[in-house]
Amino acid sequence: MSDTQEVSEHAVELADELGADPDEVEERLRNLLEYSVPLEEAERTVRRRYGSEDTEPSSKEPKDIVELSPTDSAVSVEAVVLSAGRRSIRVNGEDTVITEGQIADDTDVITYTAWDEMGFEPGDEVHIEGEVREWNGEPQVNIDSNADVRPVGDEDVEPLEEPPGVRPLADLEEGDRAVTLEAGVVESDKKTIQGRDGETTITSGVLGDSSGRLPFTDWENRGPEEGASVRIENAYVNEYRGIPQVNMGEFTTIQEADDVDVSHTPPETDVAETVAKGGDFDVVVRGNILSVKEGSGLVERCPDCGRVVQKGQCRAHGDVDAEPDMRTKAVLDDGTGAVTLVVGRELTEELYGGTLEEAREEARDAMDKSVVTEAIAENTVGRRWRVRGNVSVGDYGANMNVSEMEEADDDPADAALGVLDEF
């Protein structure tokens, strides 16, 4: 449905069905598709807007938020605005600023997206006549140019007893908008990427608090420095391979905060559970290493992008003056499933039992780099390990980027009894 001609033809058919202006229908359909609304839901939203026969007539009596459903047609709600964050998105090749966040009454909280400037702020009590659509499997209030937003009448809206304020990292989920959080910057790194307007520099890294850790991207490259404690307002959360990612855009503010405790004991999980979730960030698994994969040991990397190169050739930068490095790719099985561990240089040196230079010297003496891989396998395969890192799940299975790794001191008898207790 991303093809321009295909969308136009579909919009004409839909407009004919609804007896509406084709250009207007196409614009509404494109706006929804560009915002990653599934096609079927975009069609339902457009049909509801024009009051097609298969939708229920709108009732102007305000509904409780807890009663709202994506099957509703136009609805009215009276609520308190909890958050109102602005964000720039690209629609039909043009930048559009939307407002998004949460509203609440005494029954529940719901997210909203306003496509035009509505003029409300957090704390305002508003009457909204808009529509409800599905977003990430949940109902969301959609406020477009035809919606009616005005202050409520004489009666106050009763908000939830404990409206959301500063959010702990462990509570963040994909789709959260206008988020406020206080966290420590555990890792921070600037990188250059190909953005929608060409080459651009961003800051990415890891945030931490006492509840957990999550990756972040600051698209405006304001560079929160490693070790700093920051208060971030109007962030939004997307997901990549099952892991929530904190995003900071044009309208996000970043300020210094009082010291945030980033000490955190990562949860222990099993491979099957983390694969079922689609990924996990900063977790611990325990299992036996079954094998060390080809491509472990001594490798060479592109100095520009860090990719492993073959015969001095980087697939992104061509002929480069490659830099030596070490890594380990090993298969760990915990009895519920298997994950490929991806281990960087520092930990690989420990697994090998020597430095990068010592490994290169051994390979030169043997005239064979595989001796380094064999040494790593001899020191790891068949042993039980406690591994900490970030798990992602893709087309080729589960991978874990390892941050800590040590031989487990589990008692095999205790482990066996633990398995028996589950039956």
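Criteria and cut-off values
- Residues numbered from 1 in each chain as written.
- Predicted model: local features only at pLDDT ≥ 70, side-chain atom pairs only at ≥ 80, totals over all residues.
- Heavy atoms only, no water.
- Helix = DSSP H or I, 4+ residues; strand = E, 2+ residues; numbered from the N terminus.
- Buried < 20%, exposed > 50% of the residue type's maximum accessible area, 1.4 Å probe, protein only.
- Contact = heavy atoms within 4.5 Å.
- Areas by Shrake-Rupley, 256 points an atom, 1.4 Å probe, with all protein chains shown as cover.
- Salt bridge = Lys/Arg side-chain N within 4 Å of Asp/Glu carboxyl O.
- Axes fitted to C-alpha atoms, helices over the stretch in contact; angles between N-to-C directions.
- Parallel < 35°, antiparallel > 145°, perpendicular 65-115°, else oblique.
- Nonpolar A, V, L, I, M, F, W, Y, C, P; charged D, E, K, R; others polar.
- Core = buried A, V, L, I, M, F, W, Y, C linked by side-chain atoms within 4.5 Å.
- Phe/Tyr/Trp six-rings, centres within 6.5 Å; stacked < 30°, edge-to-face > 60°.
- Lys NZ or Arg CZ within 6 Å of the ring centre and 35° of its normal.
- Arc of directions from axis to C-beta.
- 1 Å grid on protein atoms, 1.4 Å probe; cavity = no way out; pocket = protein on both sides within 12 Å on 5 of 7 lines; lining within 4 Å.
- Points joined across faces, edges and corners; volume = space filled by probe spheres on them.
- pLDDT = per-residue confidence, 0-100.

**Examining the overall build of the chain**
Regarding its fold elements, the chain presents eight helices and 21 strands. Relative to its full complement of 423 residues, the chain shows a buried share of 44%. Look at the contacts in the chain between residues 6 or more apart in sequence, and 60% of them connect residues 24 or more apart. As presented, the chain carries roughly 22,500 Å² of accessible surface, and 42% of it is formed by carbon and sulfur atoms.

**Comments concerning the pattern of salt bridges**
Counted by the stated rule, this structure contains 17 salt bridges. Across the pair Glu182 and Arg231 runs a salt bridge, and its minimum N-O distance is 2.8 Å. With Glu182 in strand β8 (residues 179–195) and Arg231 in strand β11 (residues 229–240), this pair connects stretches of sequence that are 49 residues apart. Classification of Glu182 as partly exposed rests on a relative accessible area of 31%. We note a salt bridge from Arg388 to Glu404, for which the minimum N-O separation is 3.2 Å. One end of the pair, Arg388, is in strand β20 (residues 384–394); the other, Glu404, is in strand β21 (residues 397–407), and 16 residues separate them in sequence. When its relative accessible area of 9% is taken as the criterion, Arg388 is described as buried. According to the relative accessible area criterion, Glu404 is partly exposed, its value standing at 35%. One network of salt bridges, in which partners are shared, links Asp282, Arg386, Arg388, Glu404 and Glu406.

**Things to note about the packing of helix α5 (residues 345–352) against helix α7 (residues 370–380)**
In the contact formed by α5 and α7, the axes pass within 8 Å of each other and the chain directions differ by 75°. Our classification of the angle between α5 and α7 gives roughly perpendicular. Across the interface between the two elements, Thr348, Leu351 and Tyr352 from α5 touch Val372, Ala375, Ile376, Asn379 and Thr380 from α7. Taken together, the residues of the contact of α5 with α7 sort by class into five nonpolar, three polar and no charged.

**Some thoughts on the nonpolar core**
Generally speaking, nonpolar side chains in soluble globular proteins are found buried as a group. By size, the foremost hydrophobic cluster in this structure holds 29 residues, and its most contacted members are Leu332, Leu341, Val372, Val387, Met400, Val402 and Met405. Those elements that provide at least two residues to this core are β14 (279–292), β18 (323–333), β19 (338–343), α5, α6 (356–366), α7, β20 and β21. Residues in contact with Leu341, not counting those within four places in the same chain, are Ile289, Thr328, Lys329, Ala330, Leu332, Val387, Met400, Val402 and Met405. Counting residues in hydrophobic clusters, the runner-up holds 19 residues, among them Leu169, Val186, Val206 and Ile243.

**With respect to the packing of aromatic side chains**
For the coordinates displayed, the defined rule picks out zero aromatic pairs. One Lys or Arg, Arg87, reaches over the ring of Tyr236 and ends 4.3 Å from the middle of that ring.

**What about α6?**
Think of an α-helix as turning once every 3.6 residues; residues three or four places apart then point the same way. Along α6, the residues that are buried comprise Leu356, Ala359 and Ala363. Buried positions in α6, seen along its axis, are confined to an arc of 65° and lie on one side of it. Away from the buried face of α6 by more than 90 degrees, exposed residues Arg364 and Asp365 are located. On its buried side, α6 packs onto β15 (297–301), β18, α5 and α7. Among the residues trailing α6, Met367 stands out with phi positive, at a value near 55°.

**Structural notes on the layout of surface pockets**
Here the largest pocket is characterised by a volume of approximately 1,900 Å³. Every residue lining the largest pocket is counted, 48 residues in all, and those nearest its centre are Lys191, Val342, Asn390, Ser392 and Asn401. By residue class, the composition of the lining of the largest pocket is 17 nonpolar, 14 polar and 17 charged.

**Structural notes on unusual backbone geometry**
You will see that Asn221, though not glycine, has its phi angle at about 55°, which is positive. Mapped onto the elements, Asn221 comes out in the loop between β10 (212–218) and β11. Owing to a relative accessible area of 24%, Asn221 belongs among the partly exposed residues under this scheme. Located in the positive-phi region is Asp282, a residue other than glycine, with phi close to 55°. Examined against the element boundaries, Asp282 turns out to sit in strand β14. Taking the relative accessible area as the measure of exposure, Asp282 reaches 5% and is therefore buried.

**Here we look at the environment of Val371**
Here Val371 is to be found in helix α7. If we ignore the near neighbours within four places in the chain, the residues touching Val371 are Glu362, Ala363 and Ala366.

**Some remarks on the confidence of the model for the chain**
On average, residues of the chain score 84 in pLDDT, and 87% of them reach the 70 mark or higher. When the criterion is pLDDT under 50, residues 53–59 qualifies, and its contacts beyond four places in sequence or with other chains add up to 12 contacts.

**Some points on the environment of Lys63**
Mapped onto the elements of the fold, Lys63 is located in the loop between α3 (39–49) and β1 (75–81). Placed 14 residues apart in sequence, Lys63 and Val77 show a C-alpha to C-alpha distance of 5.4 Å. What Lys63 contacts, discounting residues up to four positions off in sequence, is Leu68, Asp72, Val75, Ser76, Val77 and Asp105.

**Some details on α5**
Leu347, Thr348, Glu349, Leu351 and Tyr352 are the residues of α5 that are buried. On the buried face of α5, the contacting elements are β18, β19, α6, α7, β20 and β21. Once α5 ends, the next one or two residues include Gly353, with phi positive near 90°.

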